[in-house]
Every structure is written in C-alpha cells, then in structure tokens.
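# Results of the structural survey
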Amino acid sequence: MLDFIKIDKLFTVNFFDLSPSFNTAVHDHDDWELLYVDSGEVDCISEGGCICLVQGDVVFHQPHKTHST
C-alpha cells in the first residue's frame, strides 16, 4: 500500500537559514503548515507535545492548532 499526500495549491513557500537561538511565539493560523528540516535540528512544540526534528524530517501543523518552533 502506498501512502501519499495530494497538494492542490501552495500559498507560500519560504526557506530560512535560522540561527541556533531562533524561536517563534505560540501561534495558529487558518492554513496547513509544513516544516521540513533541511539541515541541523529543531524542536517543534504543538498541542500534541514536543518533538525534535532532524535533517530530512517533516511535520505538518493542522489549521487552528497552536504550535511553535
């Protein structure tokens, strides 16, 4: 069985080279957010808890779910 994601539209694509001390305030929004880790690692905090993402990992934040990085 194959798992896949169908994406009909992209609204915004951003690439950031972040400093080790970067963080965001807890927030939510109306759209899905995809966070892909190109290099290094990042802690992702959401309503489900905290996970550490490393190079090659991806996480999806659902609309209206609070999260921070």
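A quick note: this is a predicted structure, and the numbers were derived from the prediction, not measured.

## Here's the deal with the layout of surface pockets
If you add up the space inside the largest pocket, you get close to 1500 Å³. Taken together, 34 residues make up the lining of the largest pocket; nearest its centre are Asn14, Glu33, Leu34, Leu35 and Tyr36. Of all the secondary-structure elements, those providing two or more residues to the lining of the largest pocket are strand 1 (33–36) and strand 2 (41–46).

## Focus: the environment of Leu34
Topologically, Leu34 is positioned in strand 1. In this structure the C-alpha to C-alpha distance between Leu34 and Phe60, which are 26 residues apart in sequence, comes to 4.5 Å. The residues touching Leu34, leaving out its near neighbours within four places in the chain, are Val58, Val59 and Phe60.

## Quick look at a nonpolar patch on the surface
Together, Ile5, Ile7, Leu10, Val13, Trp32, Leu34, Tyr36, Val58 and Phe60 make up a nonpolar patch on the protein surface, roughly 990 Å² of accessible area in all. Going through the elements one at a time, strand 1 and strand 4 (58–61) are the ones with two or more residues in the nonpolar patch. Assignment of secondary structure puts Tyr36 in strand 1. By relative accessible area, which is 47% here, Tyr36 ends up partly exposed.

Thresholds applied
Residues numbered from 1 in each chain as written. Predicted model: local features only at pLDDT ≥ 70, side-chain atom pairs only at ≥ 80, totals over all residues. Heavy atoms only, no water. 1 Å grid on protein atoms, 1.4 Å probe; cavity = no way out; pocket = protein on both sides within 12 Å on 5 of 7 lines; lining within 4 Å. Points joined across faces, edges and corners; volume = space filled by probe spheres on them. Helix = DSSP H or I, 4+ residues; strand = E, 2+ residues; numbered from the N terminus. Contact = heavy atoms within 4.5 Å. Patch = residues over 30% accessible without salt bridge, like charges linked within 9 Å, V, L, I, M, F, W, Y side chains within 5 Å. Areas by Shrake-Rupley, 256 points an atom, 1.4 Å probe, with all protein chains shown as cover. Salt bridge = Lys/Arg side-chain N within 4 Å of Asp/Glu carboxyl O. Buried < 20%, exposed > 50% of the residue type's maximum accessible area, 1.4 Å probe, protein only.

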